[in-house]
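Observations on chain architecture
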Amino acid sequence: MWRLRRAAVACEVCQSLVKHSSGIKGGLPLQKLHLVSRSTYHSHHPTLKLQRPQFRTSFHQFSSLTNLPLRKLKLSPIKYGYQPCRNFWPARLAARLLKLRYLILGSAVGGGYTAKKTFDQWKDMIPDLSDYKWIVPDIVWEIDEYIDLGHKLVSEVIGASDLLLLLGSPGETAFRATDHGSESDKHYRKGLLGELILLQQQIQEHEEEARRAAGQYSTSYAQQKRKVTDKEKIDQLQEELLHTQLKYQRILERLEKENKELRKLVLQKDDKGIHHRKLKKSLIDMYSEVLDVLSDYDASYNTQDHLPRVVVVGDQSAGKTSVLEMIAQARIFPRGSGEMMTRSPVKVTLSEGPHHVALFKDSSREFDLTKEEDLAALRHEIELRMRKNVTEGCTVSPETISLNVKGPGLQRMVLVDLPGVINTVTSGMAPDTKETIFSISKAYMQNPNAIILCIQDGSVDAERSIVTDLVSQMDPHGRRTIFVLTKVDLAEKNVASPSRIQQIIEGKLFPMKALGYFAVVTGKGNSSESIEAIREYEEEFFQNSKLLKTSMLKAHQVTTRNLSLAVSDCFWKMVRESVEQQADSFKATRFNLETEWKNNYPRLRELDRNELFEKAKNEILDEVISLSQVTPKHWEEILQQSLWERVSTHVIENIYLPAAQTMNSGTFNTTVDIKLKQWTDKQLPNKAVEVAWETLQEEFSRFMTEPKGKEHDDIFDKLKEAVKEESIKRHKWNDFAEDSLRVIQHNALEDRSISDKQQWDAAIYFMEEALQARLKDTENAIENMIGPDWKKRWLYWKNRTQEQFVHNETKNELEKMLKCNEEHPAYLASDEITTVRKNLESRGVEVDPSLIKDTWHQVYRRHFLKTALNHCNLCRRGFYYYQRHFVDSELECNDVVLFWRIQRMLAITANTLRQQLTNTEVRRLEKNVKEVLEDFAEDSEKKVKLLTGKRVQLAEDLKKVREIQEKLDAFIEALHQEK
């Protein structure tokens, strides 16, 4: 029982000591302590020599709120020599209580301060969100308040936290070493440790919540920032992806074209019959190539394109396309119900071959006309090409689509399907659609050797026809016109008098005349019908038709088979009659063009537009390569000079002059440092990047436009200018350049140490040049203000105006005031302005106070600049005093140090920009130039616009005429061999 009472008393004393020991500093002297207490606190006390050899247990304590190690404690477990006598338990209790006091005191002071400092630093890492509360969710601010609560709780129990660690497992070892058999110690540890363990867990929970809150904030802020950045990156990547797709599409088209040309060269080349064979073209293919070249030929030398072709004209929805498909034996054209489908001329070259295929002139892909998938793809491709030819704001286009169709049993000829003639412009069409269709049709029909295939809808009244009047105007005698009446099956049902159809076929109903008249049926109106089904329906209809049975129609005038045979015979007859005459006319045109070239350009090669573009391309690339060979010294000189020209006004007006008005060097340096810092943070890096970009443009322009002596060809000037502008437009400076440049400039301006006399003299020279330039500008401004002086008035007969006279009198009065006080401040006082005004009024000069202030600004500015130049001259010998920090010297040259800092910043900035130019920007510009040249090479309209002139056009015409003549000669030779 007495042991339990003793343990309770000890626990109460211990708790009271814990409560009141946080404010105690120091302790009792060692000499006043009991023997056992002295042995506990000072293990080397002389009285311990009689004790047993000490057993030391060392341990390293750590706090949960800091990583700093606490002081190592060396405890010496002692055998107290416990006797049955009960007089020693107060001594043991006192020793433990004194030990707890020092433990609590050390942990409360050291651990609490360290934990609070760490927590404050940790919390300061979170930025202030007071300006961005509208962005961060409300839950974050609730967590922030909770963190403050945790901070208060930690501050209150921070000492107890370290006490827990001291009384933890290492502390238990110390207690066990002190007394192994004390049950009161066990009860003491259980009660106190239980509370401290719970307290420690609460502290750790608050720390974790604080970390999570900080993490949530940083994560949410980073996510919001990342969302904006990701969106910009996505937009940029989409633009780059689109640009890349277009680029590779152009490359694919170019490679396809080159592949076709190479295949043609390989097949046509005959190298002594070894591994090669000569490709024998059909007659109609050779003729079609001649027509393709002629379609692009500009007839500027009175050599008209009079080669024969079959021109298919008719009213809209009259059945032109269906007739052509029956002749070609394939449904190759887009079809629509009543709407305009033919929006540009389509040249169809029919030839006989083993396989029924179709291909475009500028593509190597063959469409198998026996497969429905290829037919659908062909129709879609024709529709896309038509829409591509039609420019914005138009409905139809004169651009021709060239298509070759080969198949067994096809009649050899060249047909051109034209847009249907309309009577009224409907909504959705361009206002000039009707006139455009008429002009396109007339352009093809006015060829005297063109065969006109006039298509008339038999299911409508003949009086509603428009095309018959147009055809009769182009061919009034009907010598090259073939009339075709379509939809005869519907006409037979709807027309009350069949004799009307007979009148049309005999040419008695219309005023037009024709070589022949035909009646055809092009199906039942179903677009999904096959050609074989339509042909069977047509033959069955005419076999059972009353028109043939009653002899109203003759057998050779019906069916599309008879029509195609008749058109083919007429076509080849016209070709044989006119082709040699056309060849002779082109020979004469070629001779005239060659003679004109020799007379005008005797020393130049006959380069067409494409050859000129390739030559200009090589020159431009050579000039870009020359740009990368500019010396670093040249780059830095022009960059430094251009940058100073850009920022000199700001340095003089906003930094130097305001700082120079101060009274002492300390204020001068402080003002300069503040203004330089503001300038570097806001304006200087951006100005430097602008100067570098403009310098790169100027050097690039100089290389592009600089005459090359006698080899310079001004025909490339427009092309080079366009390439330069487009390349510069596409070029974008590196976004991170300003940030890195800002740090470099800030560090350069912070350096005030001038190492030698040479740098000092260079700074003085730089300062003198800057001040003299400003002084010259000020004197010019004063001269314009006061007018010409007496010399100019006498020599050049000039006079001053009344305003200039007033300014001159005011200037003289202000100069008198400055002579009296050369250290006058920069601003006039009110009484001084009044004095000047009264002095001028006494001489009869009325002056306004604002005019006095304006005149004073220029007068004082000139006075200040002259004084600064004199001071600059005195500072030439000031380097010695500068090294001694101007101690014991009346000479202060802080302005020289300022200009040295500016000069050094300019040199370092120029060097940095030069490195970026030569390492990055020049290469990127070269890449942009190559991309622009590739784009221009694919754009024929751009080349025509940029490479113009009589010389280019003459070379183009000469090349085309030669090509046409050579193809015509080959065609005529093959035609004679066929005969």
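Our subject is the structure that appears above.
Description of the structure in this document. (Residues numbered from 1 in each chain as written. Predicted model: local features only at pLDDT ≥ 70, side-chain atom pairs only at ≥ 80, totals over all residues. Heavy atoms only, no water.)

In terms of nonpolar packing, the biggest core is built from 101 residues, with Leu627, Tyr656, Trp679, Leu696, Trp760 and Ile902 touching the most fellow members. If you tally residues by element for this core, the top one is helix α29 (residues 894–938), at 17 residues. Counting residues in each nonpolar core, the second largest holds 66 residues, with Ile284, Met286, Leu563 and Phe586 among its members. (Core = buried A, V, L, I, M, F, W, Y, C linked by side-chain atoms within 4.5 Å. Buried < 20%, exposed > 50% of the residue type's maximum accessible area, 1.4 Å probe, protein only. Helix = DSSP H or I, 4+ residues; strand = E, 2+ residues; numbered from the N terminus.)

This next bit is on the pairing of strand β9 (residues 451–457). Across the 7 residues of β9, 7 count as buried, placing the element largely inside the fold. Neither face of β9 is left uncovered, since the one carrying Ile451, Leu453, Ile455 and Asp457 and the one carrying Ile452, Cys454 and Gln456 both have all their residues buried. The sheet contact formed by strand β3 (residues 310–314) and β9 spans 5 bridges and is parallel. Within β9, the position partnered with Val311 by the bridge is Ile452. Bridge analysis of β9 against strand β10 (residues 481–486) gives 6 bridges, and the strand direction is parallel. (Pairing = 2+ DSSP bridges.)

A few words now on unusual backbone geometry. Here the phi dihedral of Ser317 falls at roughly 65°; this positive angle occurs in a residue that is not glycine. Looking at where Ser317 falls in the secondary structure, it is placed in the loop between β3 and α8 (320–328). Relative accessible area serves as the criterion here: at 42%, Ser317 is assigned to the partly exposed category. Positive phi, close to 60°, is recorded for Gln329, a residue that is not glycine. When you line up the elements, Gln329 lands in the loop between α8 and β4 (346–352). On the accessibility criterion, Gln329 (28% relative accessible area) is partly exposed.

Attention now goes to a negative patch on the surface. On the surface, a cluster of negative charge is made up of Glu232, Asp235, Glu239 and Glu240. In this structure, Glu239 sits in helix α6 (residues 183–268). (Patch = residues over 30% accessible without salt bridge, like charges linked within 9 Å, V, L, I, M, F, W, Y side chains within 5 Å. Areas by Shrake-Rupley, 256 points an atom, 1.4 Å probe, with all protein chains shown as cover. Salt bridge = Lys/Arg side-chain N within 4 Å of Asp/Glu carboxyl O. Lys, Arg positive; Asp, Glu negative; His and termini not counted. Charge placed at Lys NZ, Arg CZ, Asp CG, Glu CD.)

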